[in-house]
Amino acid sequence: MNSGSGIQELMAAETRASQIVAEARIARGDRMKQAQADADELIAAYRREQQDAFDKKVLLEGGSGGNASAKLQAETNKEIQIMQAQFQSNAQKAVDVLLSKCCEVSLEVPTARVRSTQKLYGDN
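Here's what I pulled together on the structure shown here. (Residues numbered from 1 in each chain as written. Predicted model: local features only at pLDDT ≥ 70, side-chain atom pairs only at ≥ 80, totals over all residues. Heavy atoms only, no water.)

Scanning the chain from N- to C-terminus turns up 3 helices and 0 strands. Considering only C-alpha atoms, the chain reaches an extent of 115 × 75 × 15 Å along its principal axes. Counting the 124 residues in the chain, one finds 0% classified as buried. A total accessible area of about 11700 Å² is found for the chain, and carbon and sulfur atoms account for 59% of it. Treating the 16 positive side-chain charges of the chain as one cloud and the 17 negative ones as another, the clouds have centres 6 Å apart. (Helix = DSSP H or I, 4+ residues; strand = E, 2+ residues; numbered from the N terminus. Buried < 20%, exposed > 50% of the residue type's maximum accessible area, 1.4 Å probe, protein only. Areas by Shrake-Rupley, 256 points an atom, 1.4 Å probe, with all protein chains shown as cover. Lys, Arg positive; Asp, Glu negative; His and termini not counted. Charge placed at Lys NZ, Arg CZ, Asp CG, Glu CD.)

Put into structure tokens, the structure is as follows:
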């Protein structure tokens, strides 16, 4: 019976080892989740800090945000007006070019086409 009890002791030891390994895996997973949560918290704090610094810098250098926005809007409107004027001045030119190209039709038949047609139909 000695050998039977030895096998049972080995099986019990293996079961305990499996339990220890499973507990260690669970604990590792918990530590990883906690580390991820801590890292996310640090990242969020850093982002807030950097955003605050950026906002302060914008206010110091550019004045109010509305002023910078108004200046940008004025520049954009000016560029839009310039582009519209260019469009108006060039629209007729573009139409003329398109019409001239549509009306240019070459009525000449290439010599290679003439030869291939003669060979095909036996005309000489």
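Having seen it, we continue.
Structurally, Gln 36 can be placed in helix H1 (residues 2-62). A relative accessible area of 48% means that Gln 36 is categorised as partly exposed. Along the chain, Gln 36 and Leu 60 lie 24 residues apart, while their C-alpha atoms are 36 Å from each other.

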